[in-house]
Amino acid sequence: MELGVERSLRQTWAFMFRGYHLTRRYISWVIVFNFYALTGSAAVALIGVAAHDHQLTLTLVVGALLWNFLSTLYNEIAMSVAYERWEGTLEYTFMAPVSRLVHLAGLSLFALCNSIVNTVIVLLGLMLLTDLSLAGANLVGVVVVLLASTLAFVGLGVMAAALPVMSPERGAEATHIFQGSLLLVSGVYYPVDVLPGWIRPISALSPATYTLSACRHLVGIGNPATTPQRLAGGPLSAVAFELSVLAMMGVVLIPLGLWVFGRVERWAKHTGRLKRTG
Amino acid sequence: MMLPAIHVRELRKRFRHRPRTSKAAEWALAGVSFDVARGAIYGLLGPNGSGKSTLIRILSTLLFADGGEVRLLGYRLPDDQAQVRRLIGRVSVDAAFYKKLSARENLLYTALLYGLKPSVAERQALQALEQLGMEDHTLSIPLEEMSRGMQQKISIARALMINPPLLLLDEPTTGLDPKSRRDVQTFLEDLRRREGTTILLTTHDMAEAERLCARIGFLARGRLVAEGTAEGLKRQAEAETLDDAFIRLTGEKVLGGEEPAAPAKDA
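Note that the structure is a prediction, hence the values are computed from the model and not measured. (Residues numbered from 1 in each chain as written. Chains lettered and ligands numbered in written order. Predicted model: local features only at pLDDT ≥ 70, side-chain atom pairs only at ≥ 80, totals over all residues. Heavy atoms only, no water.)

1. Comments concerning the layout of surface pockets
One number sums up the size of the largest pocket: a volume of about 1300 Å³. Together, 36 residues line the largest pocket, and A:F33, A:N75, A:E76, A:Y83 and A:N114 are the ones closest to its centre. Secondary structure elements with two or more residues in the lining of the largest pocket: α1 (4–25), α2 (27–50), α3 (54–78), α4 (80–87), α6 (100–129) and α8 (171–185) of chain A. Element by element, the count of residues in the lining of the largest pocket is highest for α2(A), at eight residues. Its residues assigned to classes, the lining of the largest pocket comprises 18 nonpolar, 14 polar and four charged. Approximately 800 Å³ is the volume attributed to the second largest pocket. Lining the second largest pocket are 32 residues, with A:T271, A:G272, B:R14, B:F15 and B:R16 positioned closest to its centre. Listed by contribution, the elements that provide at least two residues to the lining of the second largest pocket are α11 (240–271) of chain A together with β1 (6–16), β2 (25–36) and α1 (52–59) of chain B. Tallied by class, residues from the lining of the second largest pocket come to nine nonpolar, 11 polar and 12 charged. (1 Å grid on protein atoms, 1.4 Å probe; cavity = no way out; pocket = protein on both sides within 12 Å on 5 of 7 lines; lining within 4 Å. Points joined across faces, edges and corners; volume = space filled by probe spheres on them. Helix = DSSP H or I, 4+ residues; strand = E, 2+ residues; numbered from the N terminus. Nonpolar A, V, L, I, M, F, W, Y, C, P; charged D, E, K, R; others polar.)

2. A closer look at the interface of chain A and chain B
Interface size is commonly expressed as the accessible area that is lost once the parts come together. Each partner contributes to the interface: chain A provides 36 residues, whereas chain B provides 35 residues. Summing both sides of the interface, chain A and chain B together bury roughly 3400 Å²; the carbon and sulfur share of this comes to 59%. At the boundary of chain A and chain B, one finds four salt bridges. Seen at the junction of chain A and chain B, the total is 19 residue pairs in polar contact (both at pLDDT 80 or more). Considered class by class, the residues forming the side of chain A that touches chain B number 13 nonpolar, eight polar and 15 charged. (Contact = heavy atoms within 4.5 Å. Buried area = accessible area lost by both parts, 1.4 Å probe. Salt bridge = Lys/Arg side-chain N within 4 Å of Asp/Glu carboxyl O. Polar contact = N/O pair within 3.5 Å; in protein donor to acceptor, adjacent residues only side chain to side chain.)

These figures capture arrangement, not role.
Now the structure itself:
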C-alpha cells in the first residue's frame, strides 16, 4: 500500500511543478516584474549614494532587499487563490483530495523559491549599480533571520489568501492594502521612531519590523566600526530577542493562518463563494 | 441489497443575495430526492437556473447543503468529503485549465495533485484521449490554442485519469460540434460498459439524454418534477418527444406555443 507521506510529497510537488511551468510560460512578465523590482530598489539605494552617506545607503539597500524578499513571499501566497479564480481552476483545486496543510505548504515552498530568486537578482543588480560590498556582514545570521521571518510571513500570507476566497472582487485588493500597511509600519527604509505616535504600537505587531532590525545589526548598520570597505556585522546572539519574537510569531501565525483559511473555506462552501468569478 | 452509488434525500440549498436578509434568499434546491444505481448513467435535465450545477457542486464537495442527506458510494457528505474526493471525477461546462500550460502539463499537475504516479496517470489519460479521437502530439499544445471540443476532451481525460468509480458531468458536450459530441457520447457508453462507472450527467441535449441515460430526472425551480426512463417520461407527459415531455413536465412556457400540462406525480 502506498505511503501517505509519498502521496503528500507528490501533492506538495504538484504546486511547485505548476508554479515552475506557469513561470516558464509567463517568462516575459516575470522578467518585467524582476526588472521593475531591481530598478525600484536601485532608485531607493541611490538616494544614499547621492547623499554620500554609506550608512544610509546600507540602510536603504538592506530595506530594499528584505522588502523584496518578504513582499514577494507574502504576495505569492496571498494572491494564489486570486490567480486560481482568474484561471478558473479554483474549484478543481478545492475538490482534489489534498489537505489544506499540504496545499498551502506547496504554495509556500514555491513562493519561497520565487522570493529567493527575486532577491538574488535585486542583490546582484544593486552590487552592479552601487559600490556595495558585503565583506564583514554576518550573512549566515541574515539567512537564519530570514528563515525565522519566512514562517511568520507564510502565516500572514495564508491568512491573506483567505480574502480572495471571501470576496472574488475585493479580496485581491484587500491583500494589497494589507501589504502596503506592512511596508508603512515596519520601517523598511527608516527607523520606526519617525512614525506618528499612534502608528508606532502597530509596528510592533509586524514581523518585518523585527526582521529589519535584526538584519541591520547583522550587516553592521549603526556600528561605528563599519566602513565602506568592510562592514562590522554583529553576532547572531545580539539579535536573540528579534529571533525569538519572529519564531514565536511563526509558531502562532502559521496555525492561525490555517485556521482562518479553514473557517473561510467552510463559509465559502456555505455561501457558494467558491464558484468561478473573474 | 446493493446501496445506490448516489443517494440524495430532501436536498435543500438556498443562496442569500444580501447577508442577514432572509427575504432576499431563494431556494436553488427545494427538497430534491433521487437515487442512482451503481454502474448506471443518470440524466439530470432542467432549464437554466433550475439547480443542476448547484446539485453537482454539492456532490463535488464544493458546496454545503442547507438540509437533506447525500451519500456517495456509501459516504455521507459533507462529513466524509475527504473520502469522497478520492472517488469522484468532475467535468464542468467550462473546461477549467491553466490555459497557458500544455495539455500534458495540466494533466501531470492533476496527477500529482491527486498523489498519483505521473507515469501511470499519463498512460490512463493517453488511453482516454485516444478513445476520444485525439492524437498524442496534441498534448504539447497549450490549452489556449485548442478548440473548445479539444479542451473538453482533455477535461474528460483529466477526470478519468484518477479512474473514478463516480463521474459527475455538468453539461460536458455543450458547445461541441456534432462529431466531438458523438465521440464523447460513445466514449461514455464504452466507459460505463467497460469499467462500470456510475455517471451523473446534466445536459440540455434531449437526444443525448435519451441515448445515454437509463433514467432521467427533470429539475425545475429547484425541484425534481418528474423522474423515470425516457419512454416513461414521454408516456407520463403524453408527448411524442422527450423535448415535449420536458416542456410539459417542467412547466416551461413556450413562446407562441401551447400551455404546458400540469406535471403528473410519477413515471
